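Chain and residue survey
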Amino acid sequence: MQEAIFAGGCFWCTEAVFNDIAGVHSVESGYIGGANANPTYRQVCSGTTGHAEAIKIAFDPEVVSYDDLLDIFFATHDPTQLNRQGNDIGTQYRSAIFPLDDDQRAAAAAGIERAGADRSEPIVTTIEGPATWYVAEDYHQQYWADEGRGNPYCVATIPPKLQKLRTSFADKLKD
């Protein structure tokens, strides 16, 4: 089992996408890249801690590669928006990759190159870290599966991401 950490805006949205990928065993929402130890959701949302909302993915590299996860990450959020995703504005919503080793760092740089080849706007995704991972509060875990379908923001934001996933990466989906 390997892990990957990505920040692509609201962690509820990115978690929903990666839960559907074959070879992904778990997706955990959390905070990374800031100065405060053990930040709370309220603190991170204030935009003053420097943390990003992010997900930590546990995956089987025999089923899905880190490169595949990077390609899905870039295809299911807008990596050309600096410190925002749509109406979510602030550094906590930045597009960032937090490599866990030198191989992931090199792969992240190559992933940014691949993602930029098909876009007219420059990719603003950063490669950050090493940084400490902090697990988000329990109510953020599996948010889409548990209560997110009753949240108007999630209902407007997540289904288009899932549709893009199903259209572009059908061969990577769980059965």
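Provided above is the structure to which this section pertains.
These figures come from a predicted structure and were not determined experimentally.

This part covers helix H6 (residues 152-168). Under the 1.5 Å per step criterion, the end-to-end length of H6 is 25 Å for 17 residues, consistent within 8% with the ideal 24 Å. Of all the bends in H6, the greatest, near 25 degrees, is centred on Ile158, and the proline Pro159 appears no more than four residues after it. Here H6 has its buried residues at Cys154, Ile158, Lys161, Leu162 and Leu165. Tucked into the core, H6 has its buried residues touching helix H1 (11-18), helix H3 (66-75) and helix H5 (143-146).

It is worth spelling out the layout of surface pockets at this point. Any empty space left between atoms is shown by rolling a water-sized probe over those atoms. Reported here for the largest pocket is a volume of approximately 260 Å³. In terms of lining, the largest pocket is formed by 18 residues, of which the most central are His77, Gln85, Gly86, Thr157 and Lys161. Here the element with the most residues in the lining of the largest pocket is H6; it accounts for five residues. Partitioning the lining of the largest pocket into residue classes produces five nonpolar, eight polar and five charged.

Inspection of the secondary structure puts Gly30 in strand S2 (residues 24-32). Among residues more than four places away in sequence, those in contact with Gly30 are Phe11, Ala52, Glu53, Ala54, Trp133, Tyr134, Val135 and Ala136.

In this section: the packing of H1 against H6. Running from N to C, H1 and H6 point in directions that differ by 35 degrees, and their axes come no closer than 9 Å. Viewed along their axes, H1 and H6 form a crossing whose handedness is right-handed. Residues Trp12, Cys13, Ala16 and Val17 of H1 form the contact with H6, whose own contacting residues are Tyr153, Cys154, Thr157, Ile158, Lys161, Leu162 and Leu165. Split by residue class, the contact of H1 with H6 holds nine nonpolar, one polar and one charged.

Scoring rules and cut-offs
Residues numbered from 1 in each chain as written. Predicted model: local features only at pLDDT ≥ 70, side-chain atom pairs only at ≥ 80, totals over all residues. Heavy atoms only, no water. Helix = DSSP H or I, 4+ residues; strand = E, 2+ residues; numbered from the N terminus. Expected span 1.5 Å × (residues − 1). Bend = angle between axes of the 7 residues up to and from the residue. Buried < 20%, exposed > 50% of the residue type's maximum accessible area, 1.4 Å probe, protein only. Contact = heavy atoms within 4.5 Å. 1 Å grid on protein atoms, 1.4 Å probe; cavity = no way out; pocket = protein on both sides within 12 Å on 5 of 7 lines; lining within 4 Å. Points joined across faces, edges and corners; volume = space filled by probe spheres on them. Nonpolar A, V, L, I, M, F, W, Y, C, P; charged D, E, K, R; others polar. Axes fitted to C-alpha atoms, helices over the stretch in contact; angles between N-to-C directions. Left-handed = near helix turned anticlockwise from the far one by under 90°.

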